[in-house]
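Each chain, letter by letter, is given below.
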Amino acid sequence: MKLTVLGIGSATPVLDRNPTAHLLTTEHESILIDCGEGTQYQILKYKLKPSKIRYIFISHLHGDHYLGLIGLVSSMNLGRRTDDLHIFGPRGLAEILTLQFQCSNTFLHFKIHFHENDTEKAQQIWQTDLLTIESIPLSHRIPCCGFLFREKPQKRKIIKELLPQGLSIEQLKGLKEGNDICDIEGKVLYKNDALTKPADTPRSYAFCSDTIYKPDIVEQISGVDWLYHEATYLHNLVKQAHERYHTTALEAAQIAQQAGVKTLLLGHFSSRYGSLQEFQTEAQQVFGNVVLAEEGKTYEIKSTKTTNAG
Ligand SMILES: [Zn+2]
Ligand SMILES: [Zn+2]
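Trainee: An account of unusual backbone geometry is requested, with residue identities and associated values reported.
Mentor: The backbone of arginine 80 sits at a positive phi, close to 60°, despite the residue not being glycine. Along the chain, arginine 80 falls in the loop between helix H3 (69-78) and strand E5 (85-89). Within the chain, histidine 268 stands out as a residue other than glycine whose phi angle is a positive 65°. Counting through the fold element by element, histidine 268 comes out in the loop between strand E16 (263-267) and helix H9 (277-283). Judged by its relative accessible area of 1%, histidine 268 falls in the buried class.

Given below as C-alpha cells:
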C-alpha cells in the first residue's frame, strides 16, 4: 500500500503548493482521495497513471478539495477511457458534474457511478477485493467526512521452497486457508505451519480532511498505520482555527496520540506560512512520529507485525 501526496495547500492559492489530493495504490487498485484544482497536472508531473484510477473519494465541496474533478474526468474521456469510474462525495456533487457535462455537450465514453456519502455517519461505504472503506464524520463549515481504508485480512503465505512435489490446486488453496495436507484417510502428511507463514497484518490509512479538532473520531481510527490529519494552523492561532473549523498541528498530534496511530502525516497548511518546519516541531511535543506531507512524495504504508489471520 503506497500513498502519493499531490497537494499540501489549503484554500488560498500559493504558487508552490497545490490543493489537497492523495493517491492511494495497492496491488490492484488506484484510489484518488480529494481532487483539488490542478490535480491532473500533478498526476502528469509525477508520472502517475490516471487510467488506473477506479475510485475517487471527495471529502467535501470546498473548492480546494474537488475543483480538479471536472478537468480530470474530462481528460479521462479525451483519453478514450472505457472503464467504469466510481465517485463518492457529499450531496450535490453528482448534480454539479452532470450540469458541467451537459453545458459542455460532453458525452462520456465510460460510466460514472455516483455514490452519495452520509457525512454524519461512521460506516462502511464500499469494499473492493482488497480493501474496506469507511466514512469518518468530520465537523467543518459544510458537510464533510474523511475516509478509512483498511486492507482485508489476507490468507497465509505459502513458502514455495518448502513445498513438496505434486500437490493439487485444492491442496494449495487449503494451505492458504490454514489447513494441513492429509492423505485420504485423514492422516496428516504435512502440518500447515511447516509449509506456510502468517499473512501480513492488514494495513490501514485514515484520511481526515478539513475539520475542527474532533476527538470523537479517535475510537474509529484507533491504531491505524498512517493517519493523515489536516493542520491548517499552528496552535498560537487556535482561536482562528476554531472559528474556521480547522485544526492546529498540536491538536492533530493530540488526535494521533489518543488514537495510538503509528505515523501522523500533516497537510493542508495555510498560505500564511512559508516555512513548515514549525508544524513538525509543534506536533512532536505530543506525538513522536510526525511526517510533514511533501508534494510528489510516495510513502510506503507498511504493516508492522504479522498475525495468524486467515
Ligand atoms: Zn480545505
Ligand atoms: Zn474545507
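Trainee: An account of the packing of aromatic side chains is needed here, citing residue identities and associated values.
Mentor: Two descriptors summarise a pair of aromatic rings, namely the distance from one centre to the other and the angle between the planes of the rings. Inspection of every chain in the model, using the stated rule, returns 10 aromatic pairs. Both rings, one in phenylalanine 207 and one in tyrosine 228, keep their centres 5.1 Å apart while their planes meet at 20°; by these two values the pair is stacked. Separated by 21 residues along the polypeptide, phenylalanine 207 in strand E14 (residues 204-208) and tyrosine 228 in strand E15 (residues 226-230) bring together distant segments of the chain. Each member of the pair phenylalanine 207 and tyrosine 228 is classed as buried. One aromatic cluster in this structure is built from Tyr55, Phe57, Phe88, Trp126, Phe147, Phe149 and Tyr205. One cation-aromatic arrangement involves arginine 81 over phenylalanine 110; the distance from NZ or CZ to the ring centre is 5.4 Å.

Trainee: Lay out the sheet that holds E16 in plain terms, naming residues and giving numbers.
Mentor: Judged by pairing direction, the sheet is mixed, and its seven strands sit side by side in the order E7-E8-E9-E14-E15-E16-E17 without closing on themselves. Single-partner strands in this sheet number two, and they are strand E7 (124-127) and strand E17 (290-292). The mean angle between the axes of side-by-side strands here comes to 20°, regardless of whether they run parallel or antiparallel. As paired elements, strand E8 (residues 131-137) and strand E9 (residues 145-151) share seven bridges and run antiparallel to each other. Bridging from a neighbouring strand, serine 135 pairs with phenylalanine 147 of E9.

Trainee: Residues and numbers for the nonpolar core, please.
Mentor: Residues Phe57, Tyr205, Leu227, Leu266 and Phe279 are the most contacted members of the largest nonpolar core, which totals 58 residues. The element contributing the most residues to this core is helix H8 (residues 249-259), with six residues. For phenylalanine 279, the contacting residues outside a window of four places in its chain are Ala231, Thr232, Tyr233, Leu234, Ala249, Leu266, Phe269, Tyr273 and Leu292. Within the second largest apolar cluster, 21 residues are counted, among which are Cys35, Ile56, Val73 and Leu97.

Trainee: Can you explain the pattern of salt bridges? Please cite residues and give values.
Mentor: If the charged atoms of two oppositely charged side chains come close together, the side chains can form a pair. Applying the stated rule across the entire model yields nine salt bridges. The salt bridge partner of glutamate 116 is arginine 91, with a shortest N-O separation of 3.3 Å. Of this pair, glutamate 116 sits in strand E6 (residues 112-116) while arginine 91 sits in the loop between E5 and helix H4 (93-103); the two residues are 25 residues apart in sequence, bridging distant segments of the chain. Lysine 155 is paired through a salt bridge with glutamate 177; the nearest N and O atoms lie 3.2 Å apart. Of the two residues, lysine 155 sits in the loop between E9 and strand E10 (157-158) while glutamate 177 sits in helix H5 (residues 169-177), which places them 22 residues apart along the sequence.

Reading the values: the criteria
Residues numbered from 1 in each chain as written. Chains lettered and ligands numbered in written order. Predicted model: local features only at pLDDT ≥ 70, side-chain atom pairs only at ≥ 80, totals over all residues. Heavy atoms only, no water. Helix = DSSP H or I, 4+ residues; strand = E, 2+ residues; numbered from the N terminus. Buried < 20%, exposed > 50% of the residue type's maximum accessible area, 1.4 Å probe, protein only. Phe/Tyr/Trp six-rings, centres within 6.5 Å; stacked < 30°, edge-to-face > 60°. Lys NZ or Arg CZ within 6 Å of the ring centre and 35° of its normal. Pairing = 2+ DSSP bridges. Axes fitted to C-alpha atoms, helices over the stretch in contact; angles between N-to-C directions. Core = buried A, V, L, I, M, F, W, Y, C linked by side-chain atoms within 4.5 Å. Contact = heavy atoms within 4.5 Å. Salt bridge = Lys/Arg side-chain N within 4 Å of Asp/Glu carboxyl O.

Function cannot be inferred from these measures alone, as they are strictly geometric.
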